[in-house]
Amino acid sequence: MERSIILSNLAASGRDTTPRRITELAAELGIPAADLFVVAGHPVPMELLPRERDARVLRQFAYRVSFCDHSQLAALEAFVRSLPRAAAAQPLVQSAWPGGHPAETRFAAVLGELIRNRGFGIRELPFMGLSLSTLYGMVRRWDPSPHRRQQLCASAGPLGWTLPDLFAVADEPYSEALRPILHCHHLGRVFTAAVPLTTAQLIETAQEADRLSMREDQGVWQPVSQGFAGECPDHS
């Protein structure tokens, strides 16, 4: 069955799918199991949640990683996966909801949970070409609108999702003419790989990202990262 149909069906009626089948589908589709549990409307198993990390470090980590181009992102993902996985010193807990208000629509809830699966809040996300007020609105009530396709194109990359997959979950028509706005899913692959890392390991990874990208520290916060979506091999 075509993956877009699988994802659409899972988003529409996934509560009838067993956790074991969700885990199998995640492996078959190459999507993090935690994300597929969210899409299906199931609680995420505790062992798949990120440990508690320092929010300021998370923000700096996401910012620095977003300066890496595609070859550097691949090297950084390999670096992240080579780091030891330390046993949790305390039980893992689900991080706070990324919005100031509970989600009022199904897809707003999905988006919020996908962000939370990475241990992020809204302010920990890299610059995506969307205002903070827009992002907060998206995790509160993300209804279909003329702007929704643009918002999906901005959101998919930092989450590590391809555009066709996220559009399928959103039940939004997808066209191959659409492109990521700033970041493609190769950026989000690093964020997903980093879910098990500790705060100290995030600092180490951010330093490695700076080494790879040769980002020069200007001494001030620069909200706009490089954005290499235009060079993504998936959209050549």
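Above this text you will find the structure in question.
Cut-offs used in this document
- Residues numbered from 1 in each chain as written.
- Predicted model: local features only at pLDDT ≥ 70, side-chain atom pairs only at ≥ 80, totals over all residues.
- Heavy atoms only, no water.
- Helix = DSSP H or I, 4+ residues; strand = E, 2+ residues; numbered from the N terminus.
- Rg over C-alpha atoms; globule rule 2.2 N^0.38 Å.
- Contact = heavy atoms within 4.5 Å.
- Phe/Tyr/Trp six-rings, centres within 6.5 Å; stacked < 30°, edge-to-face > 60°.
- Buried < 20%, exposed > 50% of the residue type's maximum accessible area, 1.4 Å probe, protein only.
- Lys NZ or Arg CZ within 6 Å of the ring centre and 35° of its normal.
- Salt bridge = Lys/Arg side-chain N within 4 Å of Asp/Glu carboxyl O.
- Expected span 1.5 Å × (residues − 1).
- Disulfide = S-S within 2.5 Å.
- Core = buried A, V, L, I, M, F, W, Y, C linked by side-chain atoms within 4.5 Å.

Draft legend 1. Broad picture of the overall build of the protein chain. Across its full length, the protein chain carries eleven helices and zero strands. For the protein chain, the sequential pattern of α-helices and β-strands runs α-α-α-α-α-α-α-α-α-α-α. The C-alpha radius of gyration of the protein chain comes to 17 Å, within 12% of the 18 Å expected for a compact globule of 236 residues. On the principal axes, the C-alpha backbone points of the protein chain span a range of 50 × 45 × 35 Å. The long-range share in the protein chain, meaning contacts at least 24 apart out of those at least 6 apart in sequence, stands at 75%.

Draft legend 2. Looking closely at the packing of aromatic side chains. Scanning the model with the defined rule gives five aromatic pairs in all. Consider the rings of Tyr63 and Phe67, whose centres lie 5.2 Å apart with planes at 80°: the pair is edge-to-face. The same class applies to Tyr63 as to Phe67, namely buried. Summarising the aromatic geometry, the rings of Phe120 and Phe191 are spaced 5.3 Å apart at their centres and angled 70° between planes, so their arrangement reads as edge-to-face. One end of the pair, Phe120, is in the loop between helix H6 (106-117) and helix H7 (132-138); the other, Phe191, is in helix H10 (residues 185-193), and 71 residues separate them in sequence. Across the pair, Phe191 and Phe120 agree in class, each one buried. Above the face of the Trp142 ring, Arg148 is positioned so that its terminal group lies 5.8 Å from the ring centre. The ring of Phe67 is capped by Arg215, whose NZ or CZ atom sits 5.8 Å from the centre of that ring.

Draft legend 3. The arrangement of the pattern of salt bridges in detail. Here the structure, examined in full by the defined rule, presents 15 salt bridges. The salt bridge partner of Arg148 is Glu172, with a shortest N-O separation of 3.7 Å. Linking Arg148 in helix H8 (residues 148-159) with Glu172 in the loop between helix H9 (163-170) and H10, this pair joins segments that are 24 residues apart in sequence. Given the relative accessible area of 5%, Arg148 is considered buried.

Draft legend 4. A look at helix H11 (residues 199-213). Between its first and last C-alpha atoms H11 spans 21 Å; for 15 residues at 1.5 Å apiece the expected length is 21 Å, and the two agree. Buried within H11 we find Gln201, Leu202, Thr205, Ala206, Glu208, Ala209, Asp210, Leu212 and Ser213. The positive-phi residue at the C-terminal boundary of H11 is Met214, with phi of around 60°.

Draft legend 5. Spotlight on the state of the cysteines. Scanning the entire structure with this criterion turns up zero disulfides. Not part of a disulfide, Cys68 finds its nearest cysteine sulfur in Cys184, a span of 12 Å. Take Cys184: it sits in no disulfide, and the sulfur closest to it among the cysteines is that of Cys232, at 3.6 Å.

Draft legend 6. Looking closely at the nonpolar core. Core analysis: the biggest nonpolar cluster contains 65 residues, and Leu36, Val65 and Trp161 have the highest contact counts within it. Once you skip the residues sitting within four places of it in the chain, Val65 turns out to touch Leu73, Leu76, Leu187, Val190, Phe191 and Ala209.

Draft legend 7. Expanded view of unusual backbone geometry. The backbone of Asp171 sits at a positive phi, close to 55°, despite the residue not being glycine. Tracing the sequence through the fold places Asp171 in the loop between H9 and H10. By relative accessible area, Asp171 is classed as exposed at 67%. With a phi angle near 60°, Met214 is a residue other than glycine that sits in the positive phi range. Looking at where Met214 falls in the secondary structure, it is placed in the segment after H11. By relative accessible area, Met214 is classed as exposed at 64%.

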